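Inside the fold
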Amino acid sequence: MPCPSRSDELVFFVNGRKVIERNADPEVTLLSFLRKNWILLVRVLARSVFALKLRLAVIMKLMRLTGTKYACGRGGCGACTVMVSKRDPTSQEIRHFSVTACLVPICSLYGAAVTTVEGVGSIKTRLHPVQERIAKSHGTQCGFCAPGMVMSLYTLLRNHPQPSEEHLLEALGGNLCRCTGYRPILASGKTFCLESNGCQQKGTGKCCLDLGEDDSSSLGRKSDICTELFVKEEFQPLDPTQELIFPPELLRMAENPEKRTLTFHGERVTWISPGTFKDLLELKAKYPEAPLILGNTSLGPAMRSKGHFHPILLSPARISELNVVSKTNDGLTIGAGCSLAQVKDILAERVSELPEEKTQTYRALLKHLKSLASQQIRNMASLGGHVISRHSYSDLNPILAVGNATLNLTSEEGTRQIPLSEHFLAGLASADLKPEEVLESVYIPHSQKWEFVSAFRQAQCQQNALPDVNAGMRVLFKEGTDIIEDLSITYGGVGAATVRAHKSCQQLLGRHWDELMLDEACRRLLDEVSIPGWAPGGRVEFKRTLIVSFFFKFYLQVLQELKSLVKPFPVPNNRRYPEISDRFLSALEDFPGTVSQGVQRYQSVDSHQPLQDPVGRPIMHLSGLKHTTGEAEFCDDIPVVDKELCMVLVTSAKAHAKIISIDLSEALEIPGVVDVITAKDIPGTNGTEDDKLLAVDEVLCVGQIICAVVAETDVQAKRAIEKIKITYEELEPIILTIEDAIKHNSFLCPERKLEQGNIEEAFEKVDQIVEGEVHVGGQEHFYMETQTVLVIPKTEDKELDIYVSSQDPAHVQKTVSSTLNIPSNRITCHVKRVGGGFGGKIGRPAVFGAIAAVGALKTGHPIRLVLDREDDMLITGGRHPLFGKYKVGFMNNGRIKALDIECFINGGCTLDDSELVTEFLILKLENAYKIRNLRFRGRACLTNLPSNTAFRGFGFPQGTLVTESCITAVAAKCGLPPEKIREKNMYRTVDKTIYKQAFNPENLIRCWNECLDTSSFHNRRMQVEEFNKKNYWKKRGIAVIPMKFSVGFVATSYHQAAALVHIYTDGSVLVTHGGNELGQGIHTKMLQVASRELKIPMSYLHICETSTATVPNTIATAASIGADTNGRAVQNACQILLKRLEPIIKKNPEGAWEEWIEAAFEQRISLSATGYFRGYKAFMDWEKGEGDPFPYYVYGAACSEVEIDCLTGAHKKIRTDIVMDACCSLNPAIDIGQVEGAFIQGMGLYTTEELKYSPEGVLYSRGPDEYKIPTISDVPEEFNVSLLPSSQTPLTLYSSKGLGESGMFLGSSVFFAITDAVAAARKERDIAEDFTVRSPATPEWVRMACADRFTEMRWSAPQADPQPIALSIERIPIVCLGPVPPQMVKARDPALLHRRNSSG
Ligand SMILES: Cc1cc2nc3c(=O)[nH]c(=O)nc-3n(C[C@H](O)[C@H](O)[C@H](O)COP(=O)(O)OP(=O)(O)OC[C@H]3O[C@@H](n4cnc5c(N)ncnc54)[C@H](O)[C@@H]3O)c2cc1C
Ligand code: FES
Ligand code: FES
């Protein structure tokens, strides 16, 4: 079949308007097309207003749609979600489905209608209820995830206008949010749900809103306590008739489908889309190497990050034969082109039609189809693509294999069937497709009576996570017996391919289904399934344990079913089926996903407060609606400026090496490449001696920036960096772990120490002493908006405008000034809003700003630098991993007399904030406890890793985990519950801290007591114990944690703040201040302050941006104090202005604001004022170990309950109650949002977020697929947050407190609840109750800690290569790793994937 040399026109619709693309490039994704292109939209109007007759008018419009966001580019975060609508050729119905635009090639959209967030609604025209409700329910903070959330929810409502809560979880499971903690997003979604009845306190039998006499807590009794953060009655109803219709033109196209082959030629790749099956087969014969492209969820990521290249892509999207579904008496045939979402529906329908015995395989597949990837990916991925990709982690192939599925193949030669066998899965040529063959469909036979099929899977978290290990298992019994006639077991995630344990199964044929068989099966399975150390997703010992644990679950499941089935049959040979004790049945239950419920309580404002005064009210985030409509402009949404160029960074592939040479010649020859910026181009200073912006002759970590390519497009720049050749000479030593750093005496700064009492003497007098170690892993910020900067050089006086996503624009300005050797007054930094920072955008943006500025100066062009998620994670560092050792001396009653803690943090290769983090860590270690004899020491290790930096909580979340672990260890030794030890040792009266700062712990005690009350802690503790007695394989744990968190910086100068307030003659007011909007709602709070002070409604006020030109010399927005200090400055400016207006107001008290302003102008009274706050006093004398380092404390307490599955290590969060001392919250909706968001982020730190490095120091976890932040299904099933009422602090602005960081540590209540459950399991199994504490408590850690016969069995067969490939940086010394096959090296080692450019 000839392939035309000219491209066809690509026709599709975006937001109801036609797009005609004449030069569609197959390599362009929908995301970059929407964001970067000025799209020519053709609107065809059917009616002209001036003519009676119908006639056609064509409106051309150029459009750039930036509402759809980039955050990962791998389909893993949902930020780029859009809705695609197509007419289904079989059902003839319009199918609406969500997709991730970053994986959708535009060429796949022929004949489709795309709806983006801009097409759903807008502030300018009409808001969609989804947009309105997410915003008004406070479901946005930074707002970067909001358009994706809107699109997922919108698509759900297009298909189900009254969805179930299960639908809701499913639809939003693929959308990550790093700020909100999801609770408010769920709350908004639930307003559309059928069963949403408003009752929040599930299972307690009482309604949350009905705070009656039963509620024994003082929170419950208070009449001035509010539980509503938004008014549901205000919401517009959902009116499905108002939605965009499917374009009639596309309908016509679908009714008369184009049979001609369509071809789209790109720069490097040709896309061929045949119109008939015959043509497809002809093309496949002609281009046997060309892959078929369907969902592109496998091909796309491989092309993007593994360097796979296919010059020709064959798209069978228009071949209806691949979508045929046929039902027969003995099975089901599903077209290979059906999406996984369609497969799910098809199977669900079949299950509802057939008797249970026939649907075993279908139900097993359905189970995995619920958790496989996200809704978006399931909508895109095809059955054929899934089967053929043969990913080792495939969730469906193990089940299809045991279910004896066959593959129907077709080529020009004809058709044939091959089994989906272990040989096919292993990729053996004899069992595989021939290159010219196409998979037409998959046949899945029915199961039969006496046959049982099950599926198992364990992943880092429940939703949207690749499995660590999965399995499909099937057994067939001789009729009426428990004798195994056929057995099939297949595992995924255990090596390079899905593995079938064929030998073991054969050897078990003819055996009875009993304990003896179970033991033998486990032994044989472990013998047969050999797991290489490099297999991703956990250590070998964990995987081996899962192999047998899954089989044990299968054994029990089958036993249960067999027993019920066999009842009517006579028991052969008087055999008795083994009884399963009720305690063991808990092994069978999975944790179902449930939508979180809960109550948020806060104190209402005084009834005398004027209505106009917004302070203390739950005002929506100022940008909320702009976030949800996509109209909020983030840095990379700024339209391309004239002559703009792109910059991409080149980073070191070596952890410690000398740079011998850099060869740029080939890179500079790539078309479009303008320049490569190296250290030599820096006119001023290149960072500091120890922390260079661009490496000069030595690199200190993988990911260190060496140079930067400037090109016309980012694609060209990325191609160029592949061509840069850097020769290194490796240097010794390479230090990656804390243990290695200690060994090499490699530290960044001197030890910090605080001491009180006489620790040695105290240890002599105590009843008991315990020593222990605690390991806390690092954390990636994972702000949704990656680091972004746009530098625009001006023509005059070397002026520069810099638009940057930063928490500290003044630092960017300063760094650019010294790098370019240009005074600061020529450089203006602008921050409109930041898509999440969490500390990660304090120091780093200055580096990117400075490098981009060098590029701008050298080329004379504006430079845009937007980091890929991979680069962002590789380069920027994160939270410091920590290794802590403690020695604690206590009396038998639990009173702690002496505590000695020594902590080491992994600082990475430069100082950055590591010294400060060490100091904060030491200052905060005592948490809520008064211990007379204390010694705290801390040191930051210098290692060959990217420098770690500030992160929400600044050392507190890591350090205090050591203190709290110590308390748990004391409790275990005393045989008392941990909460008793906590209570016994807590500060009770006005006292002094270890650094001699006086404070009153009254609110700490109040929070603690309220938390115990509201959570019914003591009752629930008993219930947990009861549950644990009754269940062997599931255990519950409960923990309550107190918190004393110090707010602010340890320096008065860091608390200063300024504001500039202008009143214009029309009465409108422009407020500017030194804080940056990171999602924490600082601008909203500032306008609340200004509104109260000026006594005008918030509608008169506006904040445009933070800029170094309006408020100079600002302090980083950090340390939870931004709203407080900047609020003081705004207050000051407003008070100055009001004072000036006073005489005018006095003269005309009944006058309107506008009249007063006009009069003031007439009288030449300045309507502009600078406000200033000189800062809270704060200092610390480290010599003396004394000071007043913090302005004030935030107190809190959290209680969490979890249930763990001892066989898999999975856990579910049953309930969390938080009580936080916010004093008089400026805005309870925002503050509760901060508490919830930080709590969930903390929960991620302590349970799922695990950074993995290669032994060479290369970060493996560089995207959402390898690094798991919490998803919507991780929110506790019941999640209650209360702000402590009637609390005051005279020191701060309106008696409010900063809550930005403190909630983070409360996430540890989940961690301690998990360890409580693990301890219960260990106790029952008679294993030592004290165990090394390790955070995160991943499923792997939990499973291995719940040691049992299966964890012991893992050693029963020797493994060729038991060593892990990944290192935990906080502790594990470098080990000698086993060999890694070359193909895996390519797949696993990002340093070798692209641009990492060693000539060696
Ligand atoms: C973010 C993300 C999360 C994921 N999570 C999971 C998970 O939890 N569990 C899991 O199991 N998987 C997961 N996956 C993998 C996903 O299931 C597969 O990528 C997907 O099923 C592949 O289907 P596709 O249509 O996108 O294939 P494509 O990428 O379009 O094609 C893949 C390959 O299949 C070949 N092919 C496709 N159709 C045919 C045919 N009819 N005949 C011959 N060859 C064909 C192509 O030539 C190509 O080589 C995830 C993927 C992503 C991106
Ligand atoms: S950017 Fe597309 S899913 Fe993350
Ligand atoms: S609001 Fe969701 S990522 Fe910031």
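Bear in mind that the values here come from a model prediction, so they are computed numbers and not experimental data. (Residues numbered from 1 in each chain as written. Chains lettered and ligands numbered in written order. Predicted model: local features only at pLDDT ≥ 70, side-chain atom pairs only at ≥ 80, totals over all residues. Heavy atoms only, no water.)

**Topic: the pattern of salt bridges**
The final tally for this structure, using the stated rule, is 82 salt bridges. Note that aspartate 675 is salt-bridged to lysine 858, the shortest N-O span being 3.0 Å. Of this pair, aspartate 675 sits in strand β24 (residues 673-677) while lysine 858 sits in helix α27 (residues 844-859), and the two are 183 residues apart along the sequence. Measuring nitrogen to oxygen at the nearest pair gives 3.4 Å for the salt bridge that ties lysine 1213 to aspartate 1274. On the criterion of sequence distance, the pair formed by lysine 1213 in strand β48 (residues 1211-1220) and aspartate 1274 in the loop between α37 (1228-1247) and β49 (1278-1283) is long-range, its members being 61 residues apart. Summarising the burial analysis for this pair, lysine 1213 and aspartate 1274 share the class buried. One network of salt bridges, with partners in common, ties together Arg74, Arg304, Lys718, Asp868, Glu870, Asp1265 and Glu1266. (Salt bridge = Lys/Arg side-chain N within 4 Å of Asp/Glu carboxyl O. Helix = DSSP H or I, 4+ residues; strand = E, 2+ residues; numbered from the N terminus. Buried < 20%, exposed > 50% of the residue type's maximum accessible area, 1.4 Å probe, protein only.)

**Some remarks on the site of ligand 1**
The immediate surroundings of ligand 1 are formed by 33 residues, with Leu294, Thr297, Leu299, Ser382 and Asp395 found nearest. For ligand 1, an oxygen atom lies 2.8 Å from a polar atom in the backbone of leucine 299. Computed on the free molecule, ligand 1 has an accessible area of 980 Å², of which 93% lies beneath the protein chains in the complex. The set of elements that each furnish at least two residues to the shell around ligand 1 consists of α14 (383-389) and β16 (438-445). Top element by residues in the shell around ligand 1 is α14. It accounts for five residues. By residue class, the composition of the shell around ligand 1 is 19 nonpolar, eleven polar and three charged. (Near = heavy atom within 4 Å. Polar contact = N/O pair within 3.5 Å; in protein donor to acceptor, adjacent residues only side chain to side chain. Areas by Shrake-Rupley, 256 points an atom, 1.4 Å probe, with all protein chains shown as cover. Nonpolar A, V, L, I, M, F, W, Y, C, P; charged D, E, K, R; others polar.)

**So, the sheet that holds strand β32 (residues 827-831)**
If you trace the eight strands from one edge of the open sheet to the other, you get β24-β26-β22-β33-β30-β31-β32-β43, paired in mixed fashion. Both outer strands of the open sheet, β24 and β43 (1106-1107), are each paired with one neighbouring strand and no more. The pairing of strand β31 (residues 800-804) with β32 spans four bridges and is parallel. Considered in β32, the bridge of tyrosine 803 is made with histidine 830. Strands in contact with α27 are β22 (645-651), β24, β26 (705-711), β30 (788-793), β31 and β33 (863-866); relative to β30, the strand with the most contacts, it is inclined by about 30°. (Pairing = 2+ DSSP bridges. Contact = heavy atoms within 4.5 Å. Axes fitted to C-alpha atoms, helices over the stretch in contact; angles between N-to-C directions.)

**A closer look at the nonpolar core**
Residues Tyr491, Trp513 and Phe551 are the most contacted members of the largest nonpolar core, which totals 262 residues. Per-element accounting of this core gives the leading share, 14 residues, to helix α19 (residues 540-566). Apart from residues lying up to four places away in sequence, phenylalanine 551 is in contact with Met473, Ile489, Tyr491, Trp513, Met517, Leu518, Ala521, Cys522 and Leu525. Core analysis: the second largest hydrophobic core is formed by 70 residues, Val82, Val104, Leu332 and Ile399 among them. (Core = buried A, V, L, I, M, F, W, Y, C linked by side-chain atoms within 4.5 Å.)

**Notes on the packing of aromatic side chains**
For the structure shown, the criterion picks out 34 aromatic pairs. With 5.0 Å between their ring centres and 75° between their planes, phenylalanine 920 and phenylalanine 954 make a pair best called edge-to-face. With phenylalanine 920 in helix α29 (residues 914-924) and phenylalanine 954 in the loop between β36 (933-942) and α30 (956-974), the pair connects residues that are 34 residues apart, well separated along the chain. Just above the ring of phenylalanine 192 sits the side chain of arginine 133; from NZ or CZ to the centre is 4.0 Å. (Phe/Tyr/Trp six-rings, centres within 6.5 Å; stacked < 30°, edge-to-face > 60°. Lys NZ or Arg CZ within 6 Å of the ring centre and 35° of its normal.)

**A closer look at the confidence of the model for the chain**
Low-pLDDT stretches of the model should not have their predicted coordinates read in fine detail. Across the chain, the average pLDDT comes to 92, with 91% of residues at 70 or higher. Predicted confidence is poor over residues 197-216, with pLDDT under 50, and the contacts of this stretch with residues over four places away or in other chains come to 29 contacts. Contacts from residues 1360-1365, a stretch scored under 50 in pLDDT, to residues over four places away or in other chains number 26 contacts. (pLDDT = per-residue confidence, 0-100.)

**Some words on the UniProt feature "binding site: substrate" (unreviewed entry) in the chain**
Here, the residues flagged by UniProt with the feature "binding site: substrate" (unreviewed entry) are Phe954. We classify phenylalanine 954 as buried; its relative accessible area is 14%. Apart from the residues lying within four places of it in its own chain, the contact partners of phenylalanine 954 are Arg879, Asp913, Leu916, Val917, Phe920, Leu921 and Glu1301. (UniProt positions renumbered as here; feature names shortened; annotations may be inferred.)

**A closer look at helix α26 (residues 809-820)**
Residue pairs three or four apart in sequence face the same way in an α-helix, which turns once every 3.6 residues. Under the 1.5 Å per step criterion, the end-to-end length of α26 is 16 Å for twelve residues, consistent within 8% with the ideal 16 Å. For α26, a buried count of nine out of twelve residues is recorded, marking the element as mostly surrounded by other parts of the structure. Check the buried side of α26 and you find it contacts β31, β32, α27 and β43. Just downstream of α26 lies asparagine 821, where phi reads positive at about 60°. (Expected span 1.5 Å × (residues − 1).)

**Side note on the UniProt feature "active site" (unreviewed entry) in the chain**
Here, UniProt's "active site" (unreviewed entry) annotation points to Glu1301. By the element assignment, glutamate 1301 lies in the loop between β49 and α38 (1303-1306). Overall, the relative accessible area of 12% leaves glutamate 1301 in the buried class. Sequence-distant contacts of glutamate 1301, that is, excluding residues within four places in its chain, are made with Arg952, Gly953, Phe954, Phe1045, Ala1119, Ser1120 and Ala1238. Only 2.9 Å separates the side chain of glutamate 1301 from the backbone nitrogen of glycine 953, close enough to count as a polar contact.

**A short note on helix α11 (residues 340-353)**
For α11, built from 14 residues, the straight-helix expectation of 20 Å at 1.5 Å per residue is met to within 8% by its first-to-last C-alpha distance of 20 Å. Those residues of α11 not exposed but buried are Leu340, Ala341, Gln342, Val343, Lys344, Ile346, Leu347 and Arg350.

**Here we look at the sheet that holds strand β41 (residues 1069-1073)**
On the basis of which strands lie adjacent, the open sheet formed by four strands has the order β42-β41-β40-β44 and mixed pairing. Two strands bound the open sheet, and with one partner strand each, they are β42 (1101-1102) and β44 (1168-1173). Here strand β40 (residues 1057-1063) pairs with β41 via five bridges, running antiparallel. Paired with alanine 1059 across the strands is histidine 1073, a residue of β41. On top of the sheet, helix α34 (residues 1082-1094) reaches β41 and β42; it is set at about 125° to β41, its chief contact.

**Observations regarding the environment of threonine 1065**
With respect to the element layout, threonine 1065 can be found in the loop between β40 and β41. Given a relative accessible area of 45%, threonine 1065 falls into the partly exposed group.

**Quick look at empty space enclosed by the protein**
Under the definition given, this model contains four cavities of 30 Å³ or more. Of the pockets and cavities examined, the second largest cavity occupies roughly 120 Å³. Every residue lining the second largest cavity is counted, 18 residues in all, and those nearest its centre are His138, Thr140, Gln141, Ala1229 and Ile1230. Looking at the lining of the second largest cavity, the element that brings in the most residues is α37, giving five residues. In the lining of the second largest cavity, the residues fall into six nonpolar, ten polar and two charged. (1 Å grid on protein atoms, 1.4 Å probe; cavity = no way out; pocket = protein on both sides within 12 Å on 5 of 7 lines; lining within 4 Å. Points joined across faces, edges and corners; volume = space filled by probe spheres on them.)

**Concerning the environment of aspartate 871**
Mapped onto the elements of the fold, aspartate 871 is located in helix α28 (residues 869-876). Take aspartate 871: its relative accessible area is 3%, and that puts it in the buried class. Residues aspartate 871 and glycine 1263, 392 residues apart in the sequence, show an inter-C-alpha distance of 9.5 Å.

**So, the side chain of serine 371**
Within the secondary structure layout, serine 371 lies in helix α12 (residues 360-371). Given the relative accessible area of 16%, serine 371 is considered buried. Excluding residues that lie within four positions of it along the chain, serine 371 makes contacts with Arg378, Arg457, Gln462 and Asn464.

**A closer look at unusual backbone geometry**
A cis geometry characterises the amide bond from glutamate 732 onward to proline 733, with omega recorded as -10°. Inspection of the secondary structure assignment puts proline 733 in the loop between β27 (725-730) and α24 (738-743). Of note in this structure, lysine 798 is not a glycine but carries a positive phi near 55°. Here lysine 798 is to be found in the loop between β30 and β31. Look at arginine 1164: it is not a glycine, yet its phi comes out positive at around 55°. Within the element layout of this structure, arginine 1164 appears in the loop between α36 (1153-1162) and β44.

**Some details on the pairing of strand β10 (residues 270-273)**
Taking every second residue as pointing to the same face, both faces of β10 are buried, with Thr270 and Ile272 on one and Trp271 and Ser273 on the other. Inspection of the sheet shows strand β9 (residues 262-265) paired to β10 by four bridges, in the antiparallel sense. Looking at β10, one finds that histidine 265 is bridged to threonine 270. Connecting the antiparallel pair β9 and β10 is a turn made up of four residues. When β10 meets strand β11 (residues 312-314), the two strands line up parallel, connected through three bridges. Looking at β11, one finds that threonine 270 is bridged to isoleucine 312.

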